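A look at the structure
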Amino acid sequence: MDVNAAVAALAAIAGVCTGVIAMLAFRWSERDQARPTRTSLHTDAVLPPGVDTVLSVLRSSAVVLDESDSVVKASSAAYALGLVRGGKLAVEPMLHMARDTRRDGEIRQVELDLPRRGTGRGEALAVSARVAPLGSRLVLLLVEDLTEARRIEAVRRDFVANVSHELKTPTGALSLLSEAVMDASDDPEAVTRFAGRMQIEATRLTNLVQELIDLSRVQNDDPLEDAEPVRVDELVAEAIDRSRHAASTKQITMAAGGTVDLHVWGNRGQLAAALGNLVENAVNYSPARTRVGIAAQRVSAPGGDLIEIAVTDQGIGISEKDRERVFERFYRVDPARSRATGGTGLGLAIVKHVAASHGGEVTVWSSEGQGSTFTLRLPEAGTVRDHRKTATDDDDDQAPYDTDTDTSLALDSPTVIPAPEVLP
């Protein structure tokens, strides 16, 4: 009986201990759940109500710092710009601004040039940083990337300066020539000579104004509003006809080849102007008694077939350092030669914008002293392509060039010219 009583007493004591332990564990769990985590300590529990939502929709990079300069909240853009690393603000000037603002409560703003991460080329990232107090303990830093805006502003300034210079040259020449004509009024031969020079300068001025208008149009207009299937053969013929007189004067042979009956989709006027500029450049920069070739072909691409139109010349060629800049406005490989040929420096810029607005591109291959090949790549007209595929089952196996056309043009060689019908 005593043994049973002892066992019962021990069981009762064990039950009481188990209950106490369970109650303590439950209360400990409740306290642990109520304790703020590191994440909640640095976001919702610290930030004033609604601030987190506002920061998430801002276009600027946002960083919130606490009194110990630790990052409480940072947007993904702030990490992408390299402003925050290891939970700390990594830009010392911004950190000093934040400390000053925390001390006196004043709003501060500054523009900085930061090294761009991952390039290794010393490129600067232009930013505007604004620091303001957020409550009594926090500081808000807003950073806006100004790099693209500065680049556009620099392009605009260069464009205005170049336009002013280009317009000043022919207008100044016209003014001087008109004075010369007045002074030589009693010399018919001199008047005729000066009047001829005035015509040349007036033509150059007219061409410059027209190309400025064309460049503005291709930049602002949507070519797909008036898009239609355009025959490549007609574009090539029009481009050749545009430069026929200049080519015949220099005894340059122009030849067209490649696949026939190709179509591209786009604005006919813009496409004709782009290809015409390429052919005109090829003629202007080619020595006398050379050849200029224009060849078109269809090439396969992941997004659909492309039409390549290559213009090849045997001219002076382009150096490697100039090749990257030939499509810039007013850039000239040889300024003296450009003025002799009446070039404005806008032709290739127009070609680049037309190609880009039509979903294509323009590239250049060149070797100094051998010549250049400019290749215009444009998407093939979809409706025409679909019709062609349904009309015959053999088109998928069609060669890049028609078998009835001479295929001697190699697109990667500027010295080999196709030899189909030679246009006089």
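Residues numbered from 1 in each chain as written. Predicted model: local features only at pLDDT ≥ 70, side-chain atom pairs only at ≥ 80, totals over all residues. Heavy atoms only, no water.

So, helix α10 (residues 268-284)
Residues that lie three or four places apart on an α-helix share one face, since the helix turns once every 3.6 residues. The end-to-end C-alpha distance of α10 is 24 Å, a good match for the 24 Å that 17 residues give at a rise of 1.5 Å each. Counting buried positions over the 17 residues of α10 gives 12, a clear majority of the element. Where α10 is concerned, the buried positions are Gln270, Leu271, Ala272, Ala274, Leu275, Gly276, Asn277, Leu278, Val279, Ala282, Val283 and Asn284. One side-chain oxygen of the residue at the start of α10 lies 3.0 Å from the amide nitrogen of Gly269, identifying that residue as Asn267. (Helix = DSSP H or I, 4+ residues; strand = E, 2+ residues; numbered from the N terminus. Expected span 1.5 Å × (residues − 1). Buried < 20%, exposed > 50% of the residue type's maximum accessible area, 1.4 Å probe, protein only. Polar contact = N/O pair within 3.5 Å; in protein donor to acceptor, adjacent residues only side chain to side chain.)

Structural notes on the pairing of strand β11 (residues 291-299)
For β11, the tally of buried residues reaches seven of nine residues, placing the bulk of the element in the interior. Here six bridges tie strand β9 (residues 253-258) to β11, and the two strands are oriented parallel to one another. Counterpart to Met254 in the pairing with β11 is Val292. The pairing of β11 with strand β12 (residues 306-312) spans seven bridges and is classified as antiparallel. Bridging from a neighbouring strand, Ala296 pairs with Ile309 of β12. Linking β11 to β12, which pair antiparallel, is a turn of six residues; within it Gly304 sits at a positive phi near 130 degrees. (Pairing = 2+ DSSP bridges.)

Remarks on helix α8 (residues 232-242)
Along α8, the residues that are buried comprise Val232, Leu235, Val236, Ala239 and Ile240. Mapping the buried residues of α8 onto a view down its axis gives an arc of 130 degrees, with all of them on the same face. (Arc of directions from axis to C-beta.)

Let's talk about the pattern of salt bridges
Evaluation of the coordinates by the stated rule reveals 19 salt bridges. Here Arg137 ties to Glu67 by a salt bridge, and the two come within 3.4 Å at their closest N and O atoms. Of this pair, Arg137 sits in the loop between β6 (124-134) and β7 (138-145) while Glu67 is found in the loop between β1 (61-65) and β2 (71-74), placing the two residues 70 residues apart along the sequence. What makes Arg137 partly exposed here is its relative accessible area of 46%. The exposure class of Glu67 is partly exposed, given its relative accessible area of 46%. (Salt bridge = Lys/Arg side-chain N within 4 Å of Asp/Glu carboxyl O.)

Details of the layout of surface pockets
Quantified by volume, the second largest pocket comes out at close to 440 Å³. In this structure, the second largest pocket is lined by 15 residues; those nearest its centre are Arg151, Val155, Phe327, Glu328 and Arg329. Elements with a contribution of two residues or more to the lining of the second largest pocket: α6 (147-183) and α13 (347-357). Here the element with the most residues in the lining of the second largest pocket is α6; it accounts for six residues. Across the lining of the second largest pocket, the residue classes tally to seven nonpolar, two polar and six charged. (1 Å grid on protein atoms, 1.4 Å probe; cavity = no way out; pocket = protein on both sides within 12 Å on 5 of 7 lines; lining within 4 Å. Points joined across faces, edges and corners; volume = space filled by probe spheres on them. Nonpolar A, V, L, I, M, F, W, Y, C, P; charged D, E, K, R; others polar.)

So, the side chain of Ser319
Its location among the elements puts Ser319 in the loop between β12 and α11 (320-323). Ser319 gets classed as buried once you look at its relative accessible area, which sits at 12%. One polar contact links Ser319 to Asp322, side chain to side chain, over a distance of 2.8 Å.

Focus on the nonpolar core
Core analysis: the largest hydrophobic core is formed by 45 residues, its most contacted members being Val232, Val264, Val292, Ile294 and Val311. Those elements that place two or more of their residues in this core are α7 (188-220), α8, α10, β11, β12, α13 and β14 (371-379). With eight residues, the top contributor of residues to this core is α10. Setting aside its immediate chain neighbours within four residues, Ile294 contacts Val236, Ile240, Ala255, Ala256, Gly257, Val279, Ile309, Ala310 and Val311. Core analysis: the second largest hydrophobic core is formed by 23 residues, Met94, Ala98, Leu114 and Val139 among them. (Core = buried A, V, L, I, M, F, W, Y, C linked by side-chain atoms within 4.5 Å. Contact = heavy atoms within 4.5 Å.)

Side note on the packing of aromatic side chains
Evaluation of the coordinates by the stated rule reveals one aromatic pair. Ring geometry for Phe327 against Phe374: centres 6.1 Å apart, planes inclined by 85 degrees, an arrangement best described as edge-to-face. In this pair, Phe327 is assigned in the loop between α11 and α12 (335-341) and Phe374 in strand β14, connecting sequence segments 47 residues apart. The exposure classification of Phe327 matches that of Phe374, with both residues buried. When the ring centre of Phe194 is taken as reference, the NZ or CZ atom of Arg193 above it lies at 5.1 Å. (Phe/Tyr/Trp six-rings, centres within 6.5 Å; stacked < 30°, edge-to-face > 60°. Lys NZ or Arg CZ within 6 Å of the ring centre and 35° of its normal.)

A word on the sheet that holds β1
The strands making up a sheet are joined through hydrogen bonds of the backbone, oriented either antiparallel or parallel. One open sheet holds the five strands; their spatial order is β2-β1-β7-β6-β5, and the pairing between them is antiparallel. Pairing within the sheet leaves two strands with one partner each, and these edge strands are β2 and β5 (108-115). Averaged over all neighbouring strand pairs, the angle between strand axes comes to 25 degrees, with direction disregarded. In terms of strand pairing, β1 meets β7 through five bridges, oriented antiparallel. Paired with Ser61 across the strands is Val143, a residue of β7. Running at roughly 165 degrees to β5, helix α5 (residues 92-104) makes contact with β1, β5, β6 and β7 of the sheet. (Axes fitted to C-alpha atoms, helices over the stretch in contact; angles between N-to-C directions.)

A few points about the confidence of the model for the protein chain
Overall, the prediction assigns the protein chain a mean pLDDT of 76, with 73% of residues at 70 or greater. Long-range and interchain partners of residues 32-45, a stretch whose pLDDT sits below 50, account for nine contacts in this model, where long-range means more than four residues apart. Taken together, the stretch residues 383-424 has pLDDT below 50 and engages in 83 contacts with residues farther than four places along the chain or on a different chain. (pLDDT = per-residue confidence, 0-100.)

A closer look at the environment of Glu148
By the secondary structure assignment, Glu148 is in helix α6. On the basis of relative accessible area, Glu148 is assigned to the partly exposed category, the value being 44%. For the pair Glu148 and Ala126, spaced 22 residues apart in sequence, the C-alpha separation works out to 8.5 Å.

A word on the packing of α10 against α13
At a minimum axis separation of 9 Å, α10 and α13 run at an interaxial angle of 140 degrees. By crossing handedness, the relation of α10 to α13 is classed as left-handed. When α10 is examined against α13, the residues Gln270, Leu271, Ala274, Asn277, Leu278 and Asn281 are found in contact with a partner set consisting of Gly347, Leu348, Ile350, Val351, Val354 and Ser357. Among the residues making up the contact of α10 with α13, the classes are represented as seven nonpolar, five polar and no charged. (Left-handed = near helix turned anticlockwise from the far one by under 90°.)

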